[in-house]
Amino acid sequence: QQPARFSNRCLQTIGRCWPHLRALGVGGAGCGIQGLASLARNCMRLQVLELDHVSEINQEVAAEVCREGLKGLEMLVLSSTPVTPKALLHFNSVCRNLKSIVVQIGIEDYFEDPNSPEARKLFDEMVNKLQ
């Protein structure tokens, strides 16, 4: 809700100061590809990563983050974070130790007017594709 409060710089600091983390939950619209890649590169032992209210995770983001690290990731939790099916497939194919992917999303994570019939239809289609 306050993108400037938690940013890529925060993710970079976490990675530099706590490189031996095994589990981490971060979030905010200010967390982008550069910060997530830096975190993956510096926290090589991450087994659990939770991203909450982060900007959309698409295949490009997944590829960049996985290229930098996450080789030991066992659980990925995406809460109120829009994600594409291709990104999920990428995580699943590259993170060999991955046992669980949890996606918790609502229609309001994708659409400004969640009550419109068109938004509901599109959201239902997205959920089907993610499943």
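Definitions and limits used
Residues numbered from 1 in each chain as written. Predicted model: local features only at pLDDT ≥ 70, side-chain atom pairs only at ≥ 80, totals over all residues. Heavy atoms only, no water. Core = buried A, V, L, I, M, F, W, Y, C linked by side-chain atoms within 4.5 Å. Buried < 20%, exposed > 50% of the residue type's maximum accessible area, 1.4 Å probe, protein only. Helix = DSSP H or I, 4+ residues; strand = E, 2+ residues; numbered from the N terminus. Contact = heavy atoms within 4.5 Å. Phe/Tyr/Trp six-rings, centres within 6.5 Å; stacked < 30°, edge-to-face > 60°. Salt bridge = Lys/Arg side-chain N within 4 Å of Asp/Glu carboxyl O.

(A) Up close: the nonpolar core. Membership of the largest hydrophobic core comes to 29 residues, with the highest contact counts inside it found for Leu 36, Leu 49, Leu 51, Ile 57, Leu 70 and Phe 91. Mapped by element, the contributors of at least two residues to this core are α1 (8-17), β1 (23-27), α2 (33-42), β2 (48-52), α3 (59-68), β3 (75-79) and α4 (85-94). Among the elements that line this core, the one with the most residues is α3, at four residues. Those residues in contact with Ile 57, other than ones at most four positions away along the chain, are Leu 36, Leu 51, Thr 81, Pro 82, Val 83, Thr 84, Ala 87 and Phe 91.

(B) Representation of the side chain of His 90 in the model. Following the sequence through the fold, His 90 ends up in helix α4. For His 90, a relative accessible area of 18% translates into the label buried. Those residues in contact with His 90 that sit more than four places away from it in its chain are Ala 62, Ala 63 and Cys 66.

(C) Fine view of the packing of aromatic side chains. Under the criterion given, the structure shown has two aromatic pairs. Seen from their ring centres, Tyr 110 and Phe 123 are 6.0 Å apart, and the 55 degrees between their planes marks the pair as tilted. Within this pair, whereas Tyr 110 is found in the loop between β4 (100-104) and α5 (117-130), its partner Phe 123 is found in helix α5, the two being separated by 13 residues in sequence. Members of the aromatic cluster, each reached through a chain of ring pairs, are Tyr 110, Phe 111 and Phe 123.

(D) Main features of the pattern of salt bridges. Overall, the coordinates contain five salt bridges when judged by the stated rule. With a shortest N-O distance of 3.6 Å, Glu 74 and Lys 99 are connected by a salt bridge. Of this pair, Glu 74 sits in the loop between α3 and β3 while Lys 99 sits in the loop between α4 and β4, and the two are 25 residues apart along the sequence. Residue classification places Glu 74 among the partly exposed positions, given a relative accessible area of 27%. For Lys 99, a relative accessible area of 69% gives the class exposed. Glu 125 is paired through a salt bridge with Lys 121; the nearest N and O atoms lie 3.4 Å apart. A residue pair is termed a helical-turn pair when its members lie 3 or 4 positions apart in one helix, as Glu 125 and Lys 121 do in helix α5 at four residues. Assessed through its relative accessible area of 34%, Glu 125 is described here as partly exposed.

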